[in-house]
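Chains, contacts and geometry: an overview
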Amino acid sequence: MKHWPYSKRRIWMELAVILLINLASFWLFSDLDLFEKLDAWFHHHPESQMDELMLLSFTLAISMSVFAVRRLREARVLLKALHRQAERDDVTGLANRRRGNRMLLKETERSLRSGRAYSVLLIDLDHFKSINDQHGHLIGDQVLHNFGQVLQHRARQLDTVARWGGEEFIVICPETSQEGALSFADDILRMLAATCFVPVAQVTASIGVATYRDDDTPDSLVHRADSYLYAAKQSGRNRALGELHGEAAFSTTPYKKAG
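These lines cover the structure that appears in this document, whether it is placed above or below.

Basis of the calculations
- Sequence order as written defines the numbering, with residues in each chain counted from 1.
- Per-residue local features are limited, in this predicted model, to residues with pLDDT of at least 70; the limit for side-chain atom pairs, both in listing and counting, is 80 or more; totals at the level of whole chains, interfaces and linings are taken over all residues.
- To get the side-chain values, all heavy atoms of the structure are used, and hydrogens and water are removed first.
- Put simply, DSSP marks the helices as runs of H or I at least four residues long and the strands as runs of E at least two long, and each gets a number from the N terminus on.
- Multiply 1.5 Å by the residue count of a helix minus one, and that product is the helix's expected span.
- Throughout, exposure labels follow a simple rule: accessible area from a 1.4 Å probe, protein chains only, divided by the maximum for the residue type, with under 20% read as buried, over 50% as exposed, and the rest as partly exposed.
- To count toward a patch, a residue needs a relative accessible area over 30% and no salt bridge; like charges are then connected within 9 Å, while nonpolar side chains (Val, Leu, Ile, Met, Phe, Trp, Tyr) are connected within 5 Å.
- A 1.4 Å probe and the Shrake-Rupley method give the accessible areas. Residues count as covered only by the protein chains that appear here.
- Each reported salt bridge corresponds to a side-chain nitrogen of Lys or Arg within 4 Å of a carboxyl oxygen of Asp or Glu.
- The aromatic pairing rule takes the rings of Phe, Tyr and Trp, using the six-membered ring of Trp, and pairs them if the centres are within 6.5 Å, calling planes under 30 degrees apart stacked, those over 60 edge-to-face and the rest tilted.
- Any Lys NZ or Arg CZ found within 6 Å of a ring centre and within 35 degrees of that ring's normal is scored as a charge over the ring.
- Note: the arc covers the axis-to-C-beta directions of the helix.
- Any two residues having at least one pair of non-hydrogen atoms within 4.5 Å are treated as being in contact.
- Nonpolar cores were defined as sets of buried Ala, Val, Leu, Ile, Met, Phe, Trp, Tyr and Cys residues, with membership established by side-chain atoms within 4.5 Å.
- Interaxial angles span 0 to 180 degrees and are taken between N-to-C directions of axes, which are lines fitted to C-alpha atoms, for helices over the stretch in contact.
- Note on angle classes: values under 35 degrees are labelled roughly parallel, values over 145 roughly antiparallel, values of 65 to 115 roughly perpendicular, and the remainder oblique.
- Residues are grouped as follows: Ala, Val, Leu, Ile, Met, Phe, Trp, Tyr, Cys and Pro are nonpolar; Asp, Glu, Lys and Arg are charged; every other residue, Gly included, is polar.
- Pairs of strands are assigned from DSSP output, requiring at least two bridges between the strands.

1. What about helix α8 (residues 218-234)?
When the terminal C-alpha atoms of α8 are compared, their 24 Å separation across 17 residues agrees well with the 24 Å that a helix rising 1.5 Å per residue should span. By the burial criterion, the buried members of α8 are Pro 218, Leu 221, Val 222, Arg 224, Ala 225, Tyr 228, Leu 229, Ala 232 and Lys 233. Backbone geometry just after α8 places Gly 236 at a positive phi near 125°.

2. Examining a nonpolar patch on the surface
Taken together, the side chains of Leu 19, Leu 20 and Leu 23 present a nonpolar region at the surface, about 320 Å² in accessible area. Note on Leu 20: relative accessible area 56%, which makes it exposed.

3. Looking at the packing of aromatic side chains
Under the defined criterion, the tally for this structure stands at two aromatic pairs. Relative to Phe 169, the ring of Phe 147 has its centre 5.0 Å away and its plane inclined at 70°; by these criteria the two rings are edge-to-face. With Phe 147 in helix α6 (residues 137-154) and Phe 169 in strand β3 (residues 168-173), the pair connects residues that are 22 residues apart, well separated along the chain. Owing to a relative accessible area of 0%, Phe 147 belongs among the buried residues under this scheme. Of note, Arg 154 hangs over the ring of Phe 184, and the distance from its end group to the ring centre comes to 4.3 Å.

4. Section: α6
In this model, α6 (18 residues) spans 26 Å end to end at C-alpha, consistent with the 26 Å of a helix rising 1.5 Å per residue. Listed as buried for α6 are Gly 140, Val 143, Leu 144, Phe 147, Gly 148, Val 150 and Leu 151. Down the axis of α6, the smallest arc covering the buried residues is 155°, so these residues share one side. In this structure, α6 carries Leu 138 and His 153 as exposed residues pointing more than 90 degrees from its buried face. Residues of α6 that are buried sit in contact with β1 (119-125), α5 (128-135), β2 (160-165), β3, α7 (178-193) and β4 (205-211).

5. Structural notes on unusual backbone geometry
In this model, Val 198 is joined to Pro 199 through a cis peptide bond whose omega is 10°. Here Pro 199 lies in the loop between α7 and β4. Its identity is not glycine, yet Glu 175 carries a phi of approximately 55°, on the positive side. As for its position among the elements, Glu 175 is in the loop between β3 and α7. Given the relative accessible area of 42%, Glu 175 is considered partly exposed.

6. Overview of the nonpolar core
Leu 121, Ile 123, Phe 147 and Ile 207 are the most contacted members of the largest nonpolar core, which has 29 residues in total. Mapped onto this core, the elements with two or more residues apiece are β1, α5, α6, β3, α7 and β4. At seven residues, α7 tops the list of elements feeding residues into this core. Ignoring any residue separated from it by four or fewer positions in sequence, one finds Leu 121 in contact with Phe 169, Ile 170, Val 171, Cys 173, Ala 181, Phe 184, Ala 185, Ile 188, Ile 207, Gly 208 and Val 209. Ile 170, Ala 210, Leu 221 and Ala 225 belong to the second largest nonpolar core, which has 16 residues in total.

7. Thoughts on the side chain of Thr 108
You can see Thr 108 is positioned in helix α4 (residues 97-114). Excluding its chain neighbours within four sequence positions, the residues that come into contact with Thr 108 are Tyr 118, Tyr 212, Asp 216 and Pro 218.

8. Section: the packing of α5 against α6
Each packed pair of helices is defined by two parameters, the angle between the axes and the distance between the axes. Where α5 contacts α6, the two axes come as close as 7 Å, and the packing angle between them is 140°. Classified by the interaxial angle, the pair formed by α5 and α6 is oblique. On α6, the residues that touch Phe 128, Ile 131, Asn 132 and His 135 of α5 are His 137, Ile 139, Gly 140, Val 143 and Leu 144. Residue composition of the contact of α5 with α6, by class: five nonpolar, four polar and no charged.

9. Comments concerning the pairing of β1
For a regular strand, the rule is simple: side chains alternate between the two faces of the sheet. In terms of burial, β1 is a largely internal element, seven of the seven residues being buried. Alternating positions in β1 separate into two faces, Ser 119, Leu 121, Ile 123 and Leu 125 on one and Val 120, Leu 122 and Asp 124 on the other, with burial throughout. Pairing between β1 and β3: six bridges, direction antiparallel. By the bridge assignment, Val 120 is partnered in β3 with Ile 172. Across seven bridges, β1 lies against β4 in antiparallel orientation. In the sheet register, Asp 124 faces β4, and the bridge partner there is Ser 206.

Worth remembering: the numbers are spatial, not functional.
Written out as structure tokens, the structure is:
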């Protein structure tokens, strides 16, 4: 959005212009005796009924209608901007948790109707507190932003990438099996190992992967992904953990930064 559409100064200027136009119209009609000419014309056409007040009311109605339409358009732009702002994370530019929850509900309802599964990746940056402690919060925010870019670069257009809270992120992947989601997680770890986060030496992440089941709710699905995320951290971090065929655990191979 290049500029904020609401401007008190512009609204007052438009009201002043509307007032001047109506005053000028009234003066012209009076100065040129147009009211008398119109009155004579109306007398010759008795089927038409309009006096000065009606004519002035008509011009005012037209101009105020134009003013109202312009304000309505601005209000719609403002509402869209506020809606986007309410669902956007300021640090990373990604969707925020509110948007993530909305998309989780949407995908769950779609899966109930279609019977097609979807998967979620719950991702947590490893040892992020130490990054803030050593380099400061500005560098920490930059790491979060850059990591968000890594996720966006790998995600498909139909995926939703959101900051879930703190250093935790979620990726909602429609039409994605557990195997596909684990492959996605593997790509994220590989891309992280190849990404420079100067002045931070290395940034790694732990990932929990879960796929929708028929009895799942959005909360139960995220809870299961969170349990796999916790297990990934307990297993040494810098890895993804998920499920195969609903039971067997699977962990991707941790990536180490080249050089």
